[in-house]
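Chains, contacts and geometry: an overview
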Amino acid sequence: MKKFVLSFVMALICYAAAAQTIAIGKFTIDKNNCTITRKADGKTFPLHGRVEIVESAPDLRIEIVDHNSDVRAMPHYNPYECGMYDIVESAPVLRVEIVENAPDLTVEIVDHNPGINR
């Protein structure tokens, strides 16, 4: 019986480590797919790509911080990797509003090692 319980506990630990999803307020981050999903409607957005900065109707409200961020973001002309972005004025994959209070996500702008920081 002890062997079974130990095996079951180890399987649960492995499953939890493999899932790599993080709940943050109204959103869930999927580290494996580098996406963020809004819980209210299930809409998923990539955490890399073409980003438009808006003042109303954003997909995400972000706060720029110096440390302890949810995401480490790096500007790049070809944003193919998790955390890389290119600021655009049309055809974005993500629309963000930069705020100082009540953000959905905190972001640190970096020169290297972009990605999910949790």
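Structure first, text after, so check above.
Here goes a summary of the coordinates provided. Note that the coordinates shown come from a computational prediction; the quantities given were computed from them, not determined experimentally. (Residues numbered from 1 in each chain as written. Predicted model: local features only at pLDDT ≥ 70, side-chain atom pairs only at ≥ 80, totals over all residues. Heavy atoms only, no water.)

The subject of this paragraph is the sheet that holds strand β2 (residues 27-30). A sheet is described by the order of its strands in space; here four strands give the open sequence β1-β2-β3-β4, paired in antiparallel fashion. Two strands in the sheet have a free side with no partner beyond their single neighbour: β1 (21-24) and β4 (44-46). Across the sheet, the mean angle from the axis of one strand to that of its neighbour is 25 degrees, orientation sign disregarded. Sheet topology places β2 next to strand β3 (residues 35-38); four bridges connect them, and they run antiparallel. Among the inter-strand pairings, F27 is bridged to a residue of β3, identified as R38. (Pairing = 2+ DSSP bridges. Helix = DSSP H or I, 4+ residues; strand = E, 2+ residues; numbered from the N terminus. Axes fitted to C-alpha atoms, helices over the stretch in contact; angles between N-to-C directions.)

Burial of nonpolar side chains together is a common tendency in soluble globular proteins. Counting 20 residues, the largest nonpolar core has I29, I36, L47, L60 and L105 as the members making the most contacts within it. Of all the secondary structure elements, the ones that give two or more residues to this core are β1, β2, β6 (60-64), β7 (71-75), β9 (94-98) and β10 (105-109). The residues touching L105, leaving out its near neighbours within four places in the chain, are I24, I29, I36, L47, L60, R61, I62, E63, D70 and V71. (Core = buried A, V, L, I, M, F, W, Y, C linked by side-chain atoms within 4.5 Å. Buried < 20%, exposed > 50% of the residue type's maximum accessible area, 1.4 Å probe, protein only. Contact = heavy atoms within 4.5 Å.)

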